[in-house]
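These are the residues of each chain, in order.
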Amino acid sequence: MKEASLLYGTTDIGPQFFSSDLLWRTRFHAPDPFTLVEIEGERFLLVSALEYERARNEAEADRVVLLEKEIEASGRKDFIGGLVHFLEAHNVGKVVVAETLPHVIGKELEKKFELVIRKGIFYTERIRKTKEEIAEIEKASEAVDGALAGAVEFLGSCHVKGAYIYRDDEIVTSEMLRKIIDAKLYESG
């Protein structure tokens, strides 16, 4: 029996189940959850039909697997059935998962496989940054500095009256500041 590592989640910041480990390992941005399974150094991405072609073109993976085919082959007609079918078809006996794996998925996997939960960063190699990653961090930091400067500039044009901050006759809200910051970040890429 083989050992597999498994990550489940999304890679667009914001949606539930965001996984920075999954993004780092696949370099694939997706708002909907997908699964990365690594078996003996081979990376498999299990994705829905909606993301299949894009994953084939953009993701760093050895093989992109259509999840719906695995579900159909499982006879269960659900995500867990497809995942279990895939793992069994690859002769997996032990599955190493992140502590962020949704409980319901972990409980189902425990029924068929030895389950090991890895706490903290899943890929410790992520700690050491490449020159490209350092450049991206610097770029993001500069963008944040610019966005916050825009918010500070906006606040400088406001005035306080009682317990509120006003811009002309309008009460300034956190949503207004967020729009300014978001727009500046968007402009910075």
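About the cut-offs
- Residues numbered from 1 in each chain as written.
- Predicted model: local features only at pLDDT ≥ 70, side-chain atom pairs only at ≥ 80, totals over all residues.
- Heavy atoms only, no water.
- Pairing = 2+ DSSP bridges.
- Helix = DSSP H or I, 4+ residues; strand = E, 2+ residues; numbered from the N terminus.
- Axes fitted to C-alpha atoms, helices over the stretch in contact; angles between N-to-C directions.
- Contact = heavy atoms within 4.5 Å.
- Buried < 20%, exposed > 50% of the residue type's maximum accessible area, 1.4 Å probe, protein only.
- Arc of directions from axis to C-beta.
- Phe/Tyr/Trp six-rings, centres within 6.5 Å; stacked < 30°, edge-to-face > 60°.
- Lys NZ or Arg CZ within 6 Å of the ring centre and 35° of its normal.
- Core = buried A, V, L, I, M, F, W, Y, C linked by side-chain atoms within 4.5 Å.

Describe the sheet that holds strand β6 (residues 114-118), naming the residues involved and giving the relevant values.
Taken in spatial order, the six strands line up as β4-β3-β2-β1-β5-β6 in an open sheet, and their pairing is mixed. Looking along the sheet, the strands with just one partner apiece sit at the ends: β4 (63-66) and β6. Sheet twist, expressed as the average angle between the axes of neighbouring strands with direction ignored, equals 25 degrees. Along the sheet, helix α3 (residues 67-74) makes contact with β3 (42-47) and β4, crossing β4 at roughly 55 degrees. The strands that helix α5 (residues 103-110) touches are β1 (2-9), β5 (92-98) and β6; relative to β6, the one it contacts most, it runs at about 145 degrees.

Summarise α5; cite the residues concerned and give the values.
Buried within α5 are the following residues: Ile105, Gly106, Glu108 and Leu109. All buried residues of α5 fall inside an arc of 165 degrees around its axis, so they share one side. Across from the buried face of α5, at angles greater than 90 degrees, the exposed residues are His103 and Val104. Turning to α5, the residues buried within the fold contact β1, α4 (79-89), β5 and β6.

Which residues make up the packing of aromatic side chains, and what values do they have?
Applying the stated criterion across every chain yields a total of seven aromatic pairs. Aromatic pair Tyr8 and Phe17: ring centres 5.8 Å apart, planes at 65 degrees, arrangement edge-to-face. According to the relative accessible area criterion, Tyr8 is buried, its value standing at 16%. Under the relative-accessibility criterion, Phe17 is labelled partly exposed at 33%. Taking 5.4 Å as the distance between ring centres and 70 degrees as the angle between the ring planes, the aromatic pair formed by Phe28 and Phe34 counts as edge-to-face. Phe34 carries the same exposure label as Phe28, and that label is buried. Between Lys161 and the ring centre of Tyr166, over which it is positioned, the NZ or CZ distance is 5.1 Å.

With reference to specific residues and values, describe the nonpolar core.
Core analysis: the biggest nonpolar cluster contains 23 residues, and Leu6, Val37, Leu87 and Leu109 have the highest contact counts within it. Taken together, the elements giving at least two residues each to this core come down to β1, β2 (34-39), β3, α3, α4, β5 and α5. For this core, the leading source of residues is α4, giving five residues. Ignoring any residue separated from it by four or fewer positions in sequence, one finds Val37 in contact with Ala4, Ser5, Leu6, Glu42, Arg43, Phe44, Leu46, Leu83, Phe86 and Leu87. Judged by nonpolar contacts, the second largest core, of 16 residues, contains Leu7, Leu22, Ala98 and Tyr123.

Nothing here speaks to function; it is geometry throughout.
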